[in-house]
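Each chain, letter by letter, is given below.
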Amino acid sequence: MITKSSLDFDGFENWRNPIANGVADYPVKGRARILARNVRKIEALKVPVTKKQPLLAPGGAAMQGGSSGIGYGLKYQARCISDVKADTDHTSFITGTLSLREENEVHLIRLSSGGTELICEGLFSHPNEIWDLASCPFDQRIFSTVFSTGESYGAAIWQIPELYGQLNSPQLEQIASLDAHVGKINCVLWWPSGRHDKLISIDDENLLLWSLDCLKKVAQVQSKESAGMLHYLSSGAWDPHDVNAVAATCESSVQFWDLRTMKKANSIECAHIRKANYDVKKKHMLVTAEDESGIHVWDLRKPKIPVKELPGHMHWTWAVTCNPEYDGLILSAGTDSTVNLWLAPTSASDESTSGSIAESPTQQADPLLNSYSDYEDSVYGLAWSSREPWIFASLSYDGRVVVESIKPFLSRK
Amino acid sequence: MGTDDVPLDDKAKRMRDLLSSFYSPDPSSTPNVSSKHGALDAINTNSFNADQYMNLLVQKSNLEALLQRHVEMAAEIKNLDTDLQMLVYENYNKFISATDAIKRMKSNIVGMEANMEQLLDKIMSVQSRSDGVNTSLFEKREHIEKLHRTRNLLRKVQFIYDLPARLGKCIKSEAYADAVKFYTGAMPIFKAYGDSSFQDCKRASEEAVAIIVKNLQRKLFSDSESIQARAEAAVLLKQLDFPVDSLKAKLLQKLEQSLGDLQLKTDELENVTVESTDPSKQGKVSDSIRSTPHEASVREFAEAICAYRVIFPDSEKQLITLAQDLVIKHFEMTEQYVKRRISSANLLGVLRTIWTDVLLMDEILCEAVLPDFSLEAAQVAVKQYVASTFTHLLQDISDALLKVNISPKEAAEEFPLQVALEASKKAVLQGSMDVLLDFRQLLDDDLGLLVKLRDFIIDWVQEGFQDFFRALDDRFLLLSGKNNSSSQDNGLTEGTQSEKVLAGLVLVLAQLSVFIEQTAIPRITEEIAASFSGGGVRGYENGPAFVPGEICRIFRSAGEKLLHHYINMSTQRVSTLLRKRFTTPNWVKHKEPREVHMFVDLFLQELEAVGSEVKQILPQGLLRKHRRSDSNGSTTSSRSNPLRDDKMSRSNTHRGRSQLLETHLAKLFKQKVEIFTKVEYTQESVVTTIVKLCLKSLQEFVRLQTFNRSGFQQIQLDIQFLRTPLKETVEDEAAIDFLLDEVIVAASERCLDPIPLEPPILDRLIQAKLAKSKEQNPIAS
């Protein structure tokens, strides 16, 4: 069945089916995925390939550790996945592909009620490759994307059509285009929680505050501020505790912006930050992922020295996110094809610095709770489910979504 | 029954027992109470139970024995009866004689009373007569006594009138003792009548006494006088009610002053010792020579103290403090001295001097318990010495390490890192050995002071090593950590020159950690076990202070950390390079590739730099190019190489796309290559890891860009060029191939129009580049 499904090039629908590709094929999943991935590349080159392929590749891919994850395959490569926060009935994620030359897709994925499989709830075509994707916190049908045509960048707010279940090829409905950007757009941030009309988009040089009207389907620039010379912004995070504060990462620092004045309020100096993420549960806590030097936990009141340092990954640490519910649980994804789950409680060091020194050896003993290494390529996308905060979704570059539960590690806390 | 053997003894014993039990009031004190259920000999005890005895007897004995027993018993009973009779007779006799004696006593007492009365009368008459004599003589005696008193008085007056002249005479003859005696004798009279009748006399004698006091004082302070004389003078002064305390204080001051002088001398001595020992090994000789004046002065001091003590016998307390002051000052000096770099020979010299001083002082002033006191002080000093020795060692090592930072600037040495590594290795091992040797000297010396401290020293040395290695580990991390932060700060702004050195230092530290773990610690452990075992003052539950296992663990992890740090630093440098390369140009509007981009040169340069650093420090790995993941590597290469050769030789009629396809197909059958393998302490492993990480970074950078055809071709060209030199430097060819392919794949995926360069063009461009670099090389070298 596996060989059939993975070598059946014409029937792509077949292998995209999560049941065929996901749960059912665990014992030989590794090889199947490699085949699938490379087949995809071949397919991308539009070269006719006969089905006469040697079925026995030299050596089988070694399964690395037992994995409890539930898999789901996208058709193309992909970088971004987002938790659909507004969907309170299901645990769902939304993800979009990154393919330069093919028709890109947005997948709405739902974890089945039993939690055993991932169901493709919706599949929509997207005009361009998606570099960033964020789900609207108050409407499950709305999300934002940052996309690129290869030469230029754009950002837009989309709405999933209401009747998509009945339509054959449902089209996404564009609510608004955030078209005031010139350079490379990096990300779009939604108001942290609740219904609000504010949006932030960050491109290489500017930070834009938008006011969005979903009904009238217009988005207007409220204010715009340049990051300053020689500061190339790369990503950002909206402070869930202080809605006037936004952290923007640039090459050598994290800048903190006050949205009321649109001025830089503060900054943390550190090199090559990829992603920053606020601790939802605890105020003033920010986690950053850095290319070479791993993960740092910062207390924004003490911006000179990180509260905690975690070793990160063998190669770059790409994404990092704090658990929305459990204190001190940090998830990081890296280009070494692993996702690491860390336990780094900051409370002890937060309240009494003297205690932290004494405790540090035991704490440093092993902050790494688990390393999920069952990926074939770099992992760029990472999202906790806000509905079931012990579940997270990860997305590796080869377009594979893996949803895992960290429940086994919660007991250790 | 073997009772026949000792019938006589048995019998006598029983007899005696019976008698004693008869006479002793307490039956419990009889010896054989204990054998209550005792066998057959329980017959003589109080607790004898006839029934039980019978039972036992019947049970135990046969008829014959019973009969015999019966006969025996009958005989015994008969014996007992006769004994009893005899006793009764004897007692009766005694009683009769006692009655006789009492009768006689009664008759003798009767005539006594009359004699007594007669005696009393006679005594009474004697008494009345003696009273008569007394009263008749009373008056005359009274008169005589009065006359005698007057005469005495007159004599005293005479004495007082004569006193000044007498005193003068005494002064002349220096018989101060007499003078004082006279004066103190006259003192009460002067006190009573000095203001009226004897005014002149008093004045004159006081003047004389003043002279005496002055003379006495002079005598007391003059060192030329004998101690006896001075002591006498002091005593006399005291008798004259002169304020001796102030004198005492003055003298004490003088002593203290001389103490200060003594101290200074010690200082000089030490200075001299240092100077004389430093250049050559003549330390001991010069030490002894130098110590003679010192010893003399100490002896002098001791004598002074001795004298003082004789003069003021109640001054021990002050003297003790004085002596202790001396010791304290000595040890303060020593502590100062220890802070400087000294060998234990020097320390020994100083300690020896102090010890002789102490012994000298102890002879005179044993109450001061100077040896114990100085033992405590020495404990502190030696401990400090041990500590400071380790501090110096630590300093030495980090100095040796930090030389890396300086020497390359001078550019005199070819392999600065290697030199630094060797130097620091030597510093660690030789330094530790020297330190141990030094401490050995302390242990082996038979100086009384040190013998008592031996156990302590052993413990301190062990503890010292433990702490030293912990501190060393901290220092290593500090050195590398500092570099880390500074390189992060500087790396972006400044050039890479200074950084390189620091990265090298980290590598040196890593290798040094391994060296310490694998060589130095075992050696030191051995040495310690050989000469510093024992100790045990700390108590056994704590175990020995030096735990080599723990230290080894610390350094193993430190080594790994540092090695990773080094790799990180190196890859960071390359990363910056790559970042610049990939973020600067507009890849979508890239022009057709004309030559291999220069970042490749920079990249290779960095690798070369890493290679040269690594070559200096790390050992060469075993020839394991093909051993590692043998099946994996060889199969893939055998599979993919023909393909690639094929690809190369293929005519350009084929479209470039098919080449890419082949790359994909080749990959299809490759295993997932282990990119992130464990790093080993070998040149190849480290270089390979760095190259792998860099290539992975390259891939990630490529994935972030979008290329047009020319951009893609540029990447393809650069990567193709990299292939050969990288494979030359790296042991894991398969992984490198895989990663390079991955880069090309990533570029093609991110390309709007992925048409690769035709192999001939690719080849030509590479050849051109090679020729160019060849051209440059001779010029450069």
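Residues numbered from 1 in each chain as written. Chains lettered and ligands numbered in written order. Predicted model: local features only at pLDDT ≥ 70, side-chain atom pairs only at ≥ 80, totals over all residues. Heavy atoms only, no water.

Enquirer: Before we go on, may I ask you to explain the nonpolar core in this structure?
Expert: General note: in soluble globular proteins, nonpolar side chains tend to be found buried as a group. Ranked by size, the top nonpolar core spans 190 residues in total, and within it Phe465, Phe469, Ile516, Tyr566 and Leu726 of chain B carry the most contacts. Residue contacts for Ile516 of chain B: discarding those within four places in its chain leaves Val428, Phe469, Leu472, Phe476, Ile521, Pro522 and Phe555 of chain B. Phe138, Leu178, Ile185 and Trp190 of chain A belong to the second-largest nonpolar core, a separate cluster that totals 18 residues. (Core = buried A, V, L, I, M, F, W, Y, C linked by side-chain atoms within 4.5 Å. Buried < 20%, exposed > 50% of the residue type's maximum accessible area, 1.4 Å probe, protein only. Contact = heavy atoms within 4.5 Å.)

Enquirer: What is the right way to read the pattern of salt bridges from this model?
Expert: Residues and elements named next belong to chain A. Counting across every chain of the model gives 24 salt bridges over all chains. Where Lys282 meets Asp327, a salt bridge forms, and the shortest distance between an N and an O atom there is 3.5 Å. You can see Lys282 sitting in the loop between strand E18 (273–278) and strand E19 (285–290) and its partner Asp327 sitting in the loop between strand E22 (317–322) and strand E23 (329–334), a full 45 residues away along the chain. (Salt bridge = Lys/Arg side-chain N within 4 Å of Asp/Glu carboxyl O. Helix = DSSP H or I, 4+ residues; strand = E, 2+ residues; numbered from the N terminus.)

Enquirer: What is the right way to look at the sheet that holds strand E8 (residues 153–159) of chain A in this model?
Expert: Strand-to-strand pairing in sheets goes through backbone hydrogen bonds, with the strands running parallel or antiparallel. All names here are of chain A. In space, the four strands of this open sheet follow the order E6-E7-E8-E9, with antiparallel pairing throughout. If you trace the sheet from one side to the other, it starts and ends with strand E6 (129–135) and strand E9 (173–177), each paired once. Strand-to-strand twist of the sheet, defined as the mean angle between neighbouring strand axes without regard to direction, takes the value 30°. (Pairing = 2+ DSSP bridges. Axes fitted to C-alpha atoms, helices over the stretch in contact; angles between N-to-C directions.)

Enquirer: In this structure, what is going on with the packing of aromatic side chains? I would like to understand it.
Expert: Both the distance between ring centres and the angle between the ring planes are used here to describe each pair of aromatic rings. All chains considered together, the criterion is met by 21 aromatic pairs over all chains. Considering the side-chain rings of Phe582 of chain B and Phe701 of chain B, the 6.2 Å spacing of their centres and the 5° angle between planes classify their relative orientation as stacked. You can see Phe582 of chain B sitting in helix H16 (residues 548–583) and its partner Phe701 of chain B sitting in helix H20 (residues 683–703), a full 119 residues away along the chain. Accessibility classification places Phe582 of chain B together with Phe701 of chain B in one group, the buried group. Above the plane of the ring of Trp131 of chain A lies Lys184 of chain A, whose end atom (NZ or CZ) is 5.9 Å from the centre. When the ring centre of Trp318 of chain A is taken as reference, the NZ or CZ atom of Arg274 of chain A above it lies at 4.4 Å. (Phe/Tyr/Trp six-rings, centres within 6.5 Å; stacked < 30°, edge-to-face > 60°. Lys NZ or Arg CZ within 6 Å of the ring centre and 35° of its normal.)

Enquirer: How should I be thinking about unusual backbone geometry in this particular structure?
Expert: Excluding glycine, most residues fall at negative phi; most peptide bonds, likewise, are trans. All names here are of chain A. One non-glycine residue, Met262, lies in positive phi territory at about 55°. Relative to the elements of secondary structure, Met262 occurs in the loop between strand E16 (253–258) and strand E17 (263–269). Since its relative accessible area comes to 5%, Met262 is described here as buried. Of note in this structure, Ser337 is not a glycine but carries a positive phi near 65°. Secondary-structure assignment places Ser337 in the loop between E23 and strand E24 (338–343).

Enquirer: Is there a simple way to think about the pairing of strand E5 (residues 118–126) of chain A in this case?
Expert: Two faces belong to every sheet, and in a regular strand the side chains alternate between them. Residue and element names in this part refer to chain A. Across eight bridges, strand E4 (residues 104–111) lies against E5 in antiparallel orientation. Bridge pairing links Glu105 to Ser125 in E5. Taking the residues that link successive antiparallel strands as the turn, the E4-E5 hairpin has six residues, and the phi of Gly115 there is positive, at about 75°.

Enquirer: How should the environment of Pro240 of chain A be read in this particular structure?
Expert: All names here are of chain A. Within the secondary structure, Pro240 sits in the loop between strand E14 (233–238) and strand E15 (245–250). As a C-alpha pair, Pro240 and Val280 span 40 residues in sequence and 6.2 Å in three-dimensional space. When sequence neighbours within four positions are dropped, the list of residues in contact with Pro240 reads Pro192, Tyr278, Asp279 and Val280.

Enquirer: Looking at this model, I keep getting lost on the pairing of E16 of chain A. Mind explaining?
Expert: Residues and elements named next belong to chain A. Among the six residues of E16, six are classified as buried, and the element is accordingly described as predominantly covered. The two faces of E16 match: Ser253, Gln255 and Trp257 on one face and Val254, Phe256 and Asp258 on the other face are all buried. As judged from the six bridges shared by E15 and E16, these two strands associate in the antiparallel manner. Bridging across to E16, Ala245 finds its partner in Asp258. Here E15 folds back onto E16 in antiparallel fashion, the turn holding two residues. Across six bridges, E16 lies against E17 in antiparallel orientation. If you follow Trp257 over to E17, its bridge partner there is Lys264. Between E16 and the antiparallel strand that follows it, E17, lie four residues; Met262 among them carries a positive phi value of about 55°.

Enquirer: What should I look at first to understand the side chain of His590 of chain B in this one?
Expert: As for its placement among the helices and strands, His590 of chain B is situated in the loop between H16 and helix H17 (599–617). According to the relative accessible area criterion, His590 of chain B is buried, its value standing at 17%.

Enquirer: Looking at this model, I keep getting lost on a nonpolar patch on the surface. Mind explaining?
Expert: Together, Tyr92, Phe95 and Ile96 of chain B give the surface a local cluster of nonpolar side chains, amounting to about 350 Å² of exposed area. For Phe95 of chain B, the position within the fold is in helix H3 (residues 63–108). (Patch = residues over 30% accessible without salt bridge, like charges linked within 9 Å, V, L, I, M, F, W, Y side chains within 5 Å. Areas by Shrake-Rupley, 256 points an atom, 1.4 Å probe, with all protein chains shown as cover.)

Enquirer: So what exactly am I meant to see when it comes to the sheet that holds strand E27 (residues 391–396) of chain A here?
Expert: All names here are of chain A. Reading across from one edge, E1-E28-E27-E26 is the order of the four strands in this open sheet, with antiparallel pairing throughout. The sheet is open, and its two edges are formed by strand E1 (70–73) and strand E26 (379–384), each paired on a single side. Ignoring which end each strand starts from, the neighbouring axes of this sheet average 20° apart. Where E1 lies against strand E28 (residues 400–405), four bridges are found, and the strand directions are antiparallel. Looking at the pairing, Ile70 lines up with Val403 of E28.

Enquirer: I'm lost on the UniProt feature "repeat: WD" (unreviewed entry) in chain A in this one. Help?
Expert: When the UniProt feature table is mapped onto this chain numbering, "repeat: WD" (unreviewed entry) sits at residues 310–342 of chain A. Annotated as 0% helix and 55% strand, the span residues 310–342 of chain A places its first and last C-alpha atoms 8 Å apart. (UniProt positions renumbered as here; feature names shortened; annotations may be inferred.)

Enquirer: When you look at the confidence of the model for chain A in this model, what are you seeing that I'm missing?
Expert: Caution applies to low-pLDDT parts of the model: their predicted coordinates are not meant to be read in detail. Residues and elements named next belong to chain A. Residues with a pLDDT of 70 or more make up 76% of chain A, whose mean pLDDT is 75. Long-range and interchain partners of residues 1–66, a stretch whose pLDDT sits below 50, account for 106 contacts in this model, where long-range means more than four residues apart. Throughout residues 348–364 the model reports pLDDT below 50, and contacts reaching past four residues in sequence, or to other chains, amount to ten contacts. (pLDDT = per-residue confidence, 0-100.)

Enquirer: Help me out: how do you make sense of helix H21 (residues 709–729) of chain B in this one?
Expert: Each turn of an α-helix holds 3.6 residues, which means side chains three or four residues apart point in the same direction. Residues and elements named next belong to chain B. The end-to-end C-alpha separation of H21 is 30 Å, in line with the 30 Å expected for 21 residues at 1.5 Å each. Where H21 bends most, the angle comes to about 35°, and this point is Arg723, followed within four residues by the proline Pro725. H21 sits mainly inside the fold: 16 of its 21 residues count as buried. (Expected span 1.5 Å × (residues − 1). Bend = angle between axes of the 7 residues up to and from the residue.)

Enquirer: When you look at the packing of helix H10 (residues 316–339) of chain B against helix H11 (residues 344–364) of chain B in this model, what are you seeing that I'm missing?
Expert: To characterise two packed helices, one gives the angle between the axes of the helices and the distance between these axes. All names here are of chain B. Running from N to C, H10 and H11 point in directions that differ by 180°, and their axes come no closer than 11 Å. It follows that H10 is roughly antiparallel to H11 by the angle criterion. From H10, Ala323, Leu326, Val327, His330, Phe331, Thr334, Tyr337 and Val338 reach across to H11, where they touch Asn346, Leu347, Val350, Leu351, Ile354, Asp357, Val358 and Met361. Here the contact of H10 with H11 is built from residues that sort into twelve nonpolar, three polar and one charged. (Parallel < 35°, antiparallel > 145°, perpendicular 65-115°, else oblique. Nonpolar A, V, L, I, M, F, W, Y, C, P; charged D, E, K, R; others polar.)

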